[in-house]
Amino acid sequence: MYVMGIIGWSGVGKTTLIEGVVKALVKDGCDVATIKHAHRNFDIDKEGKDSFRHRAAGARQVLVSSPHRWALLSEHKNGTELTLAEALSKLAPVDVVLVEGYKGEDIEKIEVWRKTHGGKPLWPEDKKIIAVASDDIISDADTPYRLPLSDPIPVAKFIQGRIKGHTSEKLLQ
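What counts, and where the lines are drawn
- Residues numbered from 1 in each chain as written.
- Predicted model: local features only at pLDDT ≥ 70, side-chain atom pairs only at ≥ 80, totals over all residues.
- Heavy atoms only, no water.
- Pairing = 2+ DSSP bridges.
- Helix = DSSP H or I, 4+ residues; strand = E, 2+ residues; numbered from the N terminus.
- Axes fitted to C-alpha atoms, helices over the stretch in contact; angles between N-to-C directions.
- Contact = heavy atoms within 4.5 Å.
- Expected span 1.5 Å × (residues − 1).
- Buried < 20%, exposed > 50% of the residue type's maximum accessible area, 1.4 Å probe, protein only.
- Arc of directions from axis to C-beta.
- Polar contact = N/O pair within 3.5 Å; in protein donor to acceptor, adjacent residues only side chain to side chain.

Draft legend 1. Structural context of the sheet that holds strand S7 (residues 129–133). Read across the sheet, 6 strands follow the order S2-S5-S1-S6-S7-S8 without closing on themselves; strand pairing throughout is parallel. Looking along the sheet, the strands with just one partner apiece sit at the ends: strand S2 (32–36) and strand S8 (145–147). Strand-to-strand twist across the sheet, computed as the mean angle between neighbouring axes with direction ignored, equals 25°. Pairing analysis gives 5 bridges linking S2 to strand S5 (residues 96–100), with the strands arranged parallel. In the strand pairing of S5, Lys36 is matched with Glu100. Packed on one face of the sheet, helix H4 (residues 152–164) meets strand S1 (2–7), S5, strand S6 (109–112), S7 and S8 and runs near 145° to S1.

Okay, here's the thing in structure tokens:
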């Protein structure tokens, strides 16, 4: 599986970009999975639902299954979280995994950056950032490959080029 990180400061548009890229990749026939790193306590279950009640009663794992999807909820009482490698091992094989977050991991990454959202760019310090998706004018000559933030199709094509081992310039021409 090819793994591509999509990173950036909170509120810059990572999720919106990933949503568009997933649609474009799937339309082109790619099998896609995503991993979202959450920094805060989160819950995908709703109070009052049977699965919530099972967890509240003390079940460490609850698997919910239907004809259309399944989900496994696991409680980590000791405060440890999955590493990216552990999270990847939970997935079925796919063509590409887009990872939102996990900034410190040693994987290729696209940084989503907007000058108006503040925060220093991450690309000068992280050599694994191979492209920057932004609609701002970036004057730094040392930036990685530049992609439009407002159009997910060139971003998807760039990722497809990485999957195929081609340079993005050849694929995007």
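On we go.
Draft legend 2. How the structure looks around helix H1 (residues 14–27). Helix length check: H1 (14 residues) gives 20 Å between terminal C-alpha atoms against 20 Å at 1.5 Å per residue, within 8%. All of the buried residues along H1 are Lys14, Leu17, Ile18, Gly20, Val21, Ala24 and Leu25. Around the axis of H1, the buried residues are gathered within 165° of arc, so they sit on the same side. Turned more than 90 degrees away from the buried face of H1, the exposed residues are Thr16, Lys23 and Lys27. Elements in contact with the buried residues of H1: S1, S2, S5, S6, S7 and H4. Downstream of H1 by one or two residues, Gly29 has phi in the positive range, about 95°.

Draft legend 3. Here's a closer look at H4. End to end, H4 covers 18 Å across 13 residues, agreeing with the expected 18 Å (1.5 Å per residue, within 8%). Within the sequence span of H4, burial applies to Val155, Ala156, Phe158, Ile159, Gln160 and Gly161. Between the side-chain oxygen at the start of H4 and the backbone nitrogen of Ile153 there is a gap of 3.2 Å, and the oxygen is on Asp151. A positive phi of about 80° marks Gly165, the residue just after H4.

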